[in-house]
Amino acid sequence: MASLSQPASEPNTSPLAKFIWGPENLQRRCDLLKELPQHAIFKNEVNLAALSRRDHWAYRVQQAQALIGIWLKKGWSRDHFLDANRMIGEMPCSPQFRIFFKNIQAQMSPEQKAFWIPKVERFEILGCYAQTEVGHGSNLRGIETSATFDSTTDEFILESPTVSSSKIWIGALGAWATHAIVVSRLIVNGHDHGNHLFMVQVRDLKTHDVLPGITIYEQRDKTLNTLRGLDNGVMRFFGHRIPRSQMFAGSSSLSRDGTYNPPINKNHSYTSMVIIRGLLSSELGLDAMKALYIAAHYVAFRRQFGANPGGMETRVIDYASVKNRLFPAIAREVAIILNGRQITAAIEERLGTNMEDMHIMSVGGKVYASEHAARDVEIARLLCGGHGTHESAGLGRSYTLLSAARTYEGDSYVISLQLGRAITKCWQRGGEDTLPALGYLRRLRKPTAYQQRLRQDESQAWHDRAVQDDVLEQRVSILAGQFLEDTRKGKDTSFQVLELTMAHTDLHYVRGLYSALESSPEEGKMALKALANLFTISTLVNGLSTFAGSDYLSYNDIRSMKEAYQTALVEFEPHVPCILGAFAFTPWETRSSLCPVDKSPYDAIVGHAMGSELNDNRFMRPTILNIRSLWKNQQESRL
Ligand SMILES: Cc1cc2nc3c(=O)[nH]c(=O)nc-3n(C[C@H](O)[C@H](O)[C@H](O)COP(=O)(O)OP(=O)(O)OC[C@H]3O[C@@H](n4cnc5c(N)ncnc54)[C@H](O)[C@@H]3O)c2cc1C
């Protein structure tokens, strides 16, 4: 393949880079890259992995302090702050403009927003979002925390009646937050109105002590050191009181006399979830892409086996085992980034209107991005062999972040059930003509109108968009048909629904990618076309098992499809440097010993080992020497 140039030392601002990042995102990234690395606290000089949990968290708090200071001084946008969080890594201030602000924005009344938003934007209050309970995560109907209205004082009394009602996993609650948005049942005159949101101050604003009537514990370490700088917390309420005005009143509200005004528009309750899942749909792709960027540069440098002219070994990127994993993953993550951004933009545009299709779209986007991102980062690590496992490679850091994303903001299987419900509803009311996302249900309604036997034994045919689209639609319609049949029979469909969601999103992401390419710059058109073709055909090949036993594809079709995939791979190969060049992650962003700009990866890896704190191991030498003489004591005692 054409040689992969040096890793970038500066962001690329070419038309292709603008297209891939999005012009505003790229501008923000440039602003941040110009400013943040100048500050000592952001220079990546501290080996965070070597710090104790306590010191790590303390360091992250200092970084948060510096970032908030810079952000206020520069007058940057909230999006700048969100992007900076993503670049620096988890800090306790991460939830402030994500889940905390987004819920206030989507679910408070205008008067409440006028009161709370300035405090949030000044960081006068520090926020978190407390929904999950020890006994209730996915099933929010089971939430036990209660907010009972006391009409004599015009307050709510918060109670966590059992251990299982303790709030848990709450990011930034353990030691940082002053306020929590608490999801709790609303009880008025003994009547349970279900879950509502409440703004609850949890710490004293002068002393930072936890307020009376509340207990908070920091949750301790998470597996694989996931989100180590974030203090997830466990919280219980014991008769803690808050004013009535702190119930979120954007849709439902409670009058002074205890009259409950139910929501007119039920969309409100899931708007913030839709926004955050939309955001994750593209952000996770960028994180995975960064890992693939590191891996690609390393495998282009690394040589193993095979004598070439001049006695050089073969670059590992030239092996089929590497290309077949790396190139489709790059294509997939670009598709995820571009589609995810379209989802975010569509959600922004549709705020306040009927969001049913946005809801489905954001579920598909979040599930697809998190499932693929975790796997693609693992691919990146495996491609780098043993060196991929160094902490300094940076791939483990990405993996822990992305793997957890399959659970937070909704477990992949559980939220996929929402697509299943939408399909069932649409099927029952015959709504596929009005909900374009589910248009493939027409194939089940009128099977004879569609080809039941696709015969494409020439590999060239698989590069045709109409043929590609037919297979993707047919596949998701088969899965939807099985799902509907199993639902009718009363079977538990919660396993198959993930495959259905992935197939649904495969179809829409291929379509979305091609439609995005219509506005791509001339400079990158060829590269993006080859990328889209590889993404599509690799998706077709990965989905082949759905057709087992069906008449739709013959043995020859499958053989020619696999040939077409190999052609797509070969055609994409020369464009890989151009695509990676558009991402141009800087060393400050990658923080990886596998793609440094000023030295070789080998120098970086060995240099890193030279800095190990165990190189001076004199403090344990007496113990080691003693261990080596233990056998003598045993021998003497036997004599
Ligand atoms: C790193 C991290 C950060 C988090 N941050 C926050 C936060 O800031 N605030 C907050 O409120 N929460 C937070 N959470 C909690 C998170 O939202 C929940 O963990 C998540 O919603 C899943 O719920 P659960 O843990 O109860 O899993 P469970 O619901 O207990 O799921 C366990 C298993 O059962 C399966 N399952 C559950 N229900 C069904 C079903 N109906 N059908 C089929 N299978 C099912 C799931 O697929 C899963 O495999 C965080 C979690 C993590 C890991």
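About the cut-offs
- Residues numbered from 1 in each chain as written.
- Predicted model: local features only at pLDDT ≥ 70, side-chain atom pairs only at ≥ 80, totals over all residues.
- Heavy atoms only, no water.
- Helix = DSSP H or I, 4+ residues; strand = E, 2+ residues; numbered from the N terminus.
- Rg over C-alpha atoms; globule rule 2.2 N^0.38 Å.
- Buried < 20%, exposed > 50% of the residue type's maximum accessible area, 1.4 Å probe, protein only.
- Contact = heavy atoms within 4.5 Å.
- Areas by Shrake-Rupley, 256 points an atom, 1.4 Å probe, with all protein chains shown as cover.
- Near = heavy atom within 4 Å.
- Polar contact = N/O pair within 3.5 Å; in protein donor to acceptor, adjacent residues only side chain to side chain.
- Nonpolar A, V, L, I, M, F, W, Y, C, P; charged D, E, K, R; others polar.
- Lys, Arg positive; Asp, Glu negative; His and termini not counted.
- Salt bridge = Lys/Arg side-chain N within 4 Å of Asp/Glu carboxyl O.
- UniProt positions renumbered as here; feature names shortened; annotations may be inferred.
- Domains from an automatic or database assignment.
- Buried area = accessible area lost by both parts, 1.4 Å probe.
- Axes fitted to C-alpha atoms, helices over the stretch in contact; angles between N-to-C directions.
- Parallel < 35°, antiparallel > 145°, perpendicular 65-115°, else oblique.
- Phe/Tyr/Trp six-rings, centres within 6.5 Å; stacked < 30°, edge-to-face > 60°.
- Disulfide = S-S within 2.5 Å.
- Core = buried A, V, L, I, M, F, W, Y, C linked by side-chain atoms within 4.5 Å.

*Asks:* Before we move on, could you go through the overall build of the protein and cite the residues and values that matter?
*Replies:* Counting its regular elements, the protein contains 21 helices and 10 strands. Relative to a compact globule of 639 residues, whose C-alpha radius of gyration would be 26 Å, the protein shows 27 Å and is just as compact. Within the protein, the fraction of its 639 residues that count as buried is 53%. Relative to all contacts within the protein whose residues are 6 or more apart in sequence, the contacts with residues 24 or more apart total 73%. Total accessible area on the protein is roughly 28600 Å²; 54% of this is exposed by carbon and sulfur atoms.

*Asks:* Residue-level account of the site of the ligand, with values.
*Replies:* Near the ligand, the surroundings consist of 17 residues, among which Tyr-129, Thr-132, Gly-137, Ser-138 and Asp-411 are the closest. At 2.5 Å, a side-chain N or O of Ser-138 approaches an oxygen atom of the ligand. When the ligand sits alone it has 960 Å² of accessible area, and the protein chains cover 63% of it. Residue assignment for the shell around the ligand shows that the elements contributing at least two residues are β4 (167-170) and α11 (412-429). Top element by residues in the shell around the ligand is α11. It accounts for 3 residues. Of the residues belonging to the shell around the ligand, the class tally is 8 nonpolar, 8 polar and 1 charged.

*Asks:* I'd like a rundown of the side chain of Arg-302, residues and numbers included.
*Replies:* For Arg-302, the position within the fold is in the loop between α7 (268-301) and α8 (320-350). Salt bridges are absent for the buried Arg-302, whose nearest opposite-charge side chain, Glu-313, sits at 7.7 Å. A distance of 2.9 Å separates polar atoms of two side chains, one belonging to Arg-302 and the other to Tyr-602. Among residues more than four places away in sequence, those in contact with Arg-302 are Thr-314, Arg-315, Val-316, His-387 and Tyr-602.

*Asks:* Describe the UniProt feature "active site" (unreviewed entry) in the protein, with residues and values.
*Replies:* Those residues carrying the UniProt feature "active site" (unreviewed entry) are Glu-409 in this numbering. Position of Glu-409 relative to the elements: it lies in the loop between α10 (395-404) and α11. When neighbours within four sequence positions are excluded, Glu-409 is seen to be in contact with Ile-99, Ile-276, Arg-277, Leu-280, Lys-366 and Ile-415.

*Asks:* If you had to explain the domain arrangement of the protein to someone new, which residues and values would you point to?
*Replies:* We note that the domain assignment places domain 1 (15-105), domain 2 (125-266) and domain 3 (270-432 + 458-581) within the protein. A C-alpha centroid distance of 37 Å is found between domain 2 and domain 3. If you look at the interface, domain 2 gives 6 residues, while domain 3 gives 7 residues. Across the interface of domain 2 and domain 3, roughly 520 Å² is buried in total on both sides, 68% from carbon and sulfur atoms. For the pair domain 2 and domain 3, the interface holds 0 salt bridges. Counting across the interface, domain 2 meets domain 3 through 0 residue pairs in polar contact (both at pLDDT 80 or more).

*Asks:* Help me get a handle on the packing of α11 against helix α13 (residues 465-488), residues and values and all.
*Replies:* As a packed pair, α11 and α13 sit with axes 10 Å apart at the nearest point and diverge in direction by 85 degrees. Viewed along their axes, α11 and α13 adopt a mutual orientation that is roughly perpendicular. Two secondary-structure elements touch here, α11 through Gly-420, Ile-423, Thr-424 and Trp-427 and α13 through Phe-483, Leu-484, Thr-487 and Arg-488. Of the residues that constitute the contact of α11 with α13, the class distribution is 4 nonpolar, 3 polar and 1 charged.

*Asks:* Just give me the short version of the side chain of Asn-232, but keep the residues and values in it.
*Replies:* Along the chain, the position of Asn-232 falls in the loop between β7 (214-218) and β8 (233-243). There is a polar contact of 2.6 Å between the side chain of Asn-232 and the side chain of Lys-222. Once residues within four sequence positions are removed from consideration, Asn-232 is found in contact with Trp-169, Ile-170, Gly-171, Ala-172, Gly-174, Tyr-217, Glu-218, Gln-219 and Lys-222.

*Asks:* Tell me about the packing of aromatic side chains, and please be specific about residues and values.
*Replies:* The full count for this structure, using the stated rule, is 20 aromatic pairs. Arranged with centres 5.2 Å apart and planes meeting at 50 degrees, the rings of Trp-71 and Phe-97 form a pair that is tilted. Of this pair, Trp-71 sits in helix α3 (residues 53-74) while Phe-97 sits in helix α5 (residues 96-107), placing them 26 residues apart in sequence. For Phe-97, a relative accessible area of 1% corresponds to the buried category. With centroids separated by 5.0 Å and ring planes inclined at 75 degrees, the aromatic side chains of Phe-156 and Phe-198 adopt a geometry described as edge-to-face. With Phe-156 in strand β3 (residues 155-159) and Phe-198 in strand β6 (residues 191-201), this pair connects stretches of sequence that are 42 residues apart. Given the relative accessible area of 0%, Phe-198 is considered buried. Members of the aromatic cluster, joined through ring pairs, are Trp-71, Phe-81, Phe-97, Phe-101 and Phe-123.

*Asks:* Explain the pattern of salt bridges to me, using residue names and the numbers behind them.
*Replies:* Counted under the stated rule, the structure contains 40 salt bridges. Residue Asp-506 pairs with Arg-475 through a salt bridge whose shortest N-O separation is 2.8 Å. Note that Asp-506 is positioned in helix α14 (residues 496-517) and Arg-475 in helix α13, a separation of 31 residues in sequence. Judged by its relative accessible area of 7%, Asp-506 is buried. Across the pair Lys-489 and Glu-485 runs a salt bridge whose closest N-O atoms are separated by 3.0 Å. Judged by its relative accessible area of 36%, Glu-485 is partly exposed.

*Asks:* Let's hear about the UniProt feature "domain: Acyl-CoA oxidase C-terminal" (unreviewed entry) in the protein: which residues, and what values?
*Replies:* In the numbering used here, UniProt assigns the "domain: Acyl-CoA oxidase C-terminal" (unreviewed entry) feature to residues 489-616. In residues 489-616, the share of helix is 62% and the share of strand is 0%. The end C-alpha atoms are 67 Å apart.

*Asks:* Let's hear about unusual backbone geometry: which residues, and what values?
*Replies:* With glycine set apart, most residues show a phi of negative sign, and most peptide bonds adopt trans. A positive phi is found at Asn-44, a non-glycine position, where the angle reads about 60 degrees. Within the secondary structure layout, Asn-44 lies in the loop between α2 (23-35) and α3. Unusually for a residue other than glycine, Leu-227 sits at a positive phi of about 40 degrees. With respect to the helices, strands and loops of the structure, Leu-227 is situated in the loop between β7 and β8.

*Asks:* Tell me what's going on with the state of the cysteines, and back it up with residues and numbers.
*Replies:* For the structure on display, the rule yields 0 disulfides. Here Cys-595 is not cross-linked by a disulfide; its sulfur's nearest cysteine counterpart is in Cys-384, at 9.2 Å.

*Asks:* Requested: an account of the nonpolar core, with residues and values cited.
*Replies:* If you look at soluble globular proteins, the nonpolar side chains tend to sit buried side by side. Membership of the largest hydrophobic core comes to 185 residues, with the highest contact counts inside it found for Ile-104, Met-235 and Phe-583. Examining the composition of this core, we find that 17 residues originate from one element, α7, more than from any other. Contact partners of Phe-583, with chain neighbours within four places excluded, come to Ile-20, Trp-21, Arg-29, Leu-286, Met-289, Tyr-293, Val-334 and Ile-337.

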